[in-house]
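Below are the chains, spelled out letter by letter.
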Protein chains: 2
Amino acid sequence: MPSPIHIEEYLRGVSERVNDQLRLLAAEWKRTGPKPLTEAVEYALLAGGKRLRPALVLASCEALGGDVGDDGLALRFALALEMVHTYSLVHDDLPCMDDDDLRRGRPTVHKAYDEATAMLVGDGLQSLAFRHLLSTGDARAAPLAALLAESAWRMVEGQALDIGAEGRALGEAEVLALMAAKTGALLTAACAGGAIAATGAPSGLDRVGQKLGLAFQIADDLLDLTSDAATLGKRAGKDQAAGKATLPSIVGIEEARRRAQAACDEAVALLAPLGAPAEPLRALARFVLARKK
Amino acid sequence: MPSPIHIEEYLRGVSERVNDQLRLLAAEWKRTGPKPLTEAVEYALLAGGKRLRPALVLASCEALGGDVGDDGLALRFALALEMVHTYSLVHDDLPCMDDDDLRRGRPTVHKAYDEATAMLVGDGLQSLAFRHLLSTGDARAAPLAALLAESAWRMVEGQALDIGAEGRALGEAEVLALMAAKTGALLTAACAGGAIAATGAPSGLDRVGQKLGLAFQIADDLLDLTSDAATLGKRAGKDQAAGKATLPSIVGIEEARRRAQAACDEAVALLAPLGAPAEPLRALARFVLARKK
């Protein structure tokens with residue numbers, strides 16, 4: 001029997017590695033680039049997120065016996081994916097989008113700096129993601145960059161669906177399609193990318209990522225309904241306030257919980273053939289559901 | 001003696017090819033993606049620009065004997081670069097940046113649609129640029145994607161310098177650094193990318209691109225000072241109105257003209273060893289200076 005994974009410890013370890021790497025990169029960008037842009041990029045990147053996407057990349061790579069070291073392609077992809085995720089948060093918080101003042105308990109980038117800088121931080125982070133991923137000249141990065149581009153576009157499609165959905169009664173199928181694009185695309189890319197870094201192909205982990213993404217988004221919607229801003233580090237109840245349809249608002253809280261559990265179980269079942277090396281990824285699947293923020 | 005290039009005809013030919021390809025791509029995006037996002041992407045991309053960057057890519061590739069056909073890497077890079085350029089225009093026009101209502105004689109994207117859509121159009125176009133460039137799985141696209149990412153980040157650095165410069169007296173060196181980043185980065189990448197598509201290396205055309213970029217930007221600043229909105233298809237005199245330092249405002253119109261001519265001459269001189277295949281690129285260097293809009 002493999003020793004059980006302490007998921008909080010695992011995530012803390014990933015966070016420390018990711019934060020160390022991002023700090024080094026930000027120092028380099030600040031050395032050569034203009035302020036306040038590069039300071040604002042650092043502010044956005046080092047805001048203390050859970051680093052779930054990097055954790056999924058590394059756990060997926062590990063599940064297939066790949067290299068998760070500091071010089072490996074997996075960590076490089078993990079950082080690039082986190083940069084894309086961070087750019088989307090910075091732009092999402094802008095007045096013309098969700099108009100949020102608070103993110104992870106701190107002022108959002110356009111509040112700490114200004115709107116123009118926040119716009120450029122997001123734009124620049126997307127470029128920096130691809131630059132970092134491709135900077136070694138390693139040809140094996142090309143399919144990962146293609147995956148990053150595909151999932152980043154899918155995410156934008158999801159955000160556009162989300163905007164179009166406000167104040168309109170969505171059906172269940174529409175809500176599921178929106179979730180699969182807006183949040184699911186990057187989470188799926190995390191698992192697929194970890195697998196590609198290890199084996200050169202998604203190796204079925206894209207399907208695991210889809211299940212995980214669904215469980216994650218339902219859990220997120222449930223937290224928005226049932227938690228508070230102090231716990232979340234951001235406004236609670238904002239989906240309802242914005243008139244946004246979510247799976248819980250359509251099928252009810254209990255049924256939504258059941259669906260999230262089912263998606264998590266399916267992800268774990270898909271990982272069964274991979275044995276002990278997939279234990280961190282299994283623990284992450286369970287964490288996605290059990291997290292309190 | 002090579003027959004002289006009719007530059008207007010050459011540019012018209014490139015524009016038609018680029019527009020045909022972009023129309024095909026936009027049709028595909030509209031087929032699978034949400035409206036109005038994908039319609040707004042098409043609106044932004046097919047607004048009738050000069051397609052100078054794609055022309056520079058193709059002329060640079062041709063100058064080194066590379067493949068400029070529809071299935072070649074050069075055209076793929078040319079389209080990706082035009083997508084990045086277009087994303088920057090859409091975001092630049094937003095109220096928190098330049099706040100422009102008119103672009104190429106038509107309402108800007110946030111005027112024709114709304115701010116949130118314009119934000120997502122820009123974000124999405126950057127992703128689509130990398131996706132298109134990398135979509136064939138051709139490993140030779142990796143260095144071009146790295147170049148695209150590097151120049152896109154440099155452009156954002158330039159925009160940040162530009163914002164920081166408003167209302168402040170810039171020195172000549174600062175203005176030159178700003179120009180090299182904001183406009184020069186993509187124009188340099190156009191020439192370098194065409195060369196990489198042909199030979200696998202920049203082959204000195206990055207320096208040609210730098211000279212061309214400088215000549216282009218000075219010409220742009222001179223047009224802003226001396227032309228009118230009807231000719232330009234956008235507001236004239238906006239640099240002065242915004243209190244932006246430009247090279248003409250620092251060294252005077254005549255000296256700026258002389259510098260632009262010198263940069264153009266240097267670009268042409270650098271191309272001398274390449275002989276007849278570089279004739280379109282030489283003609284573009286002269287066009288950059290002589291254009292009326």
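In the annotation of an unreviewed UniProt entry, chain A is listed under the name (2E,6E)-farnesyl diphosphate synthase and assigned to Anaeromyxobacter paludicola. Annotation of chain A in UniProt includes, under Sequence similarities (unreviewed entry), the sentence "Belongs to the FPP/GGPP synthase family."

A. Summary view of the interface of chain B and chain A. Contacts between the two partners involve 37 residues from chain B and, on the opposite side, 37 residues from chain A. Between chain B and chain A, a total of about 3300 Å² is buried, with carbon and sulfur atoms accounting for 76% of that surface. Across the contact surface, chain B and chain A share 2 salt bridges. Between E150 of chain A and R131 of chain B there is a salt bridge, with the nearest N and O atoms lying 2.8 Å from each other. At the boundary of chain B with chain A, the tally comes to 8 residue pairs in polar contact (both at pLDDT 80 or more). Elements that contribute at least two residues to the side of chain B that touches chain A include exactly α2 (37-45), α4 (73-92), α6 (115-134) and α7 (141-165) of chain B. Sorting elements by how many residues they give to the side of chain B that touches chain A places α7 of chain B first, with 13 residues. Split into classes, the residues belonging to the side of chain B that touches chain A amount to 24 nonpolar, 8 polar and 5 charged.

B. The packing of aromatic side chains, seen in detail. Across all of its chains, the model carries 3 aromatic pairs over all chains by this definition. Seen from their ring centres, F130 of chain A and F130 of chain B are 3.9 Å apart, and the 5° between their planes marks the pair as stacked. Pair noted here: F130 of chain A is in helix α6 (residues 115-134) and F130 of chain B is in helix α6, and the two residues belong to different chains. Here F130 of chain B falls in the buried class, since its relative accessible area comes to 0%. Their ring planes at 75° and their centres at 5.8 Å tell us that Y43 of chain B and Y113 of chain B sit as a pair that is edge-to-face.

C. Layout of the relation of the copies chain B and chain A. Superposition record for chain B on chain A: RMSD 0.0 Å, screw rotation 180°, translation along axis 0.0 Å. Viewed as a symmetry operation, the transformation between the two copies matches a two-fold axis. In terms of proximity to the rotation axis, the leading residue of chain B is A142 of chain B, whose C-alpha is 2.7 Å off the axis. Mapped onto chain A, 100% of the interface residues of chain B again fall at the interface, so both copies present the same surface.

D. Local environment of α4 of chain B. Given a rise of 1.5 Å per residue, 20 residues ought to cover 28 Å, and the 28 Å separating the end C-alpha atoms of α4 of chain B matches this to within 8%. Most of α4 of chain B sits inside the fold, with 20 of its 20 residues counted as buried.

E. Just the pattern of salt bridges, in detail. Residues and elements named next belong to chain A. Considering all chains together, one arrives at 32 salt bridges over all chains under this definition. Note that R103 and D93 form a salt bridge whose closest N and O atoms lie 2.9 Å from each other. Remark: D93 occurs in the loop between α4 (73-92) and β1 (102-103) and R103 occurs in strand β1; sequence separation between them is 10 residues. Judged by relative accessible area, which is 4%, D93 ranks as buried. One network of salt bridges, in which partners are shared, links E172, E255, R258 and R259.

F. Layout of unusual backbone geometry. Cis rather than trans, the peptide bond between K35 of chain A and P36 of chain A has omega equal to 5°. The backbone phi angle of D99 of chain A is positive, close to 55°, even though this residue is not glycine.

G. Seen up close, the side chain of T183 of chain A. Residues and elements named next belong to chain A. Within the element layout of this structure, T183 appears in the loop between α8 (172-182) and α9 (184-199). Given a relative accessible area of 10%, T183 falls into the buried group. If we ignore the near neighbours within four places in the chain, the residues touching T183 are R53, F216 and Q217.

H. Just helix α1 (residues 7-32) of chain B, in detail. Residue and element names in this part refer to chain B. The terminal C-alpha atoms of α1 lie 38 Å apart, and with 26 residues this matches the ideal 38 Å at 1.5 Å per residue to within 8%. Considered for burial, the residues of α1 that qualify are I7, Y10, L11, V14, S15, V18, N19, Q21, L22, L25, A26 and W29. At its buried positions, α1 is contacted by α2, α3 (52-63), α4, α6 and α15 (279-290).

I. Molecular detail of the nonpolar core. Counting 172 residues, the largest nonpolar core has M83 of chain A together with M83 of chain B as the members making the most contacts within it. Apart from the residues within four sequence positions on either side, M83 of chain B is in contact with L22, L25, W29, L45, L125, L128, A129 and H132 of chain B.

J. Summary view of the side chain of E42 of chain B. With respect to the helices and strands, the residue E42 of chain B is situated in helix α2. With relative accessibility at 19%, the residue E42 of chain B sits in the buried group.

K. How the structure looks around the packing of helix α1 (residues 7-32) of chain A against helix α2 (residues 37-45) of chain A. Residue and element names in this part refer to chain A. With their axes 9 Å apart at the nearest point, α1 and α2 run at an angle of 170° to one another. With respect to α2, the axis of α1 lies roughly antiparallel. Note on element contacts: α2 touches α1 through T38, E39, V41, E42 and L45, opposite L22, A26, W29 and K30. Across the contact of α1 with α2, the residue classes break down as 5 nonpolar, 1 polar and 3 charged.

L. Inspection of the environment of E174 of chain B at higher detail. Residues and elements named next belong to chain B. Within the secondary structure layout, E174 lies in helix α8 (residues 172-182). The partly exposed category is assigned to E174, whose relative accessible area is 36%. C-alpha separation for the pair E174 and L212, spaced 38 residues apart in sequence, amounts to 19 Å. Apart from residues no more than four positions distant in its own chain, E174 is found in contact with R168 and A169.

M. Summary view of the environment of A44 of chain A. Residues and elements named next belong to chain A. Note on placement: A44 falls in helix α2. Looking at A44, the relative accessible area reads 7%, which means it is buried. With residues up to four places along the chain from it excluded, the contact list for A44 reads T86, V90, V109 and V121.

Definitions and limits used
Residues numbered from 1 in each chain as written. Chains lettered and ligands numbered in written order. Predicted model: local features only at pLDDT ≥ 70, side-chain atom pairs only at ≥ 80, totals over all residues. Heavy atoms only, no water. UniProt positions renumbered as here; feature names shortened; annotations may be inferred. Contact = heavy atoms within 4.5 Å. Buried area = accessible area lost by both parts, 1.4 Å probe. Salt bridge = Lys/Arg side-chain N within 4 Å of Asp/Glu carboxyl O. Polar contact = N/O pair within 3.5 Å; in protein donor to acceptor, adjacent residues only side chain to side chain. Helix = DSSP H or I, 4+ residues; strand = E, 2+ residues; numbered from the N terminus. Nonpolar A, V, L, I, M, F, W, Y, C, P; charged D, E, K, R; others polar. Phe/Tyr/Trp six-rings, centres within 6.5 Å; stacked < 30°, edge-to-face > 60°. Buried < 20%, exposed > 50% of the residue type's maximum accessible area, 1.4 Å probe, protein only. Least-squares fit on C-alpha atoms with pLDDT ≥ 70 in both. Expected span 1.5 Å × (residues − 1). Core = buried A, V, L, I, M, F, W, Y, C linked by side-chain atoms within 4.5 Å. Axes fitted to C-alpha atoms, helices over the stretch in contact; angles between N-to-C directions. Parallel < 35°, antiparallel > 145°, perpendicular 65-115°, else oblique.

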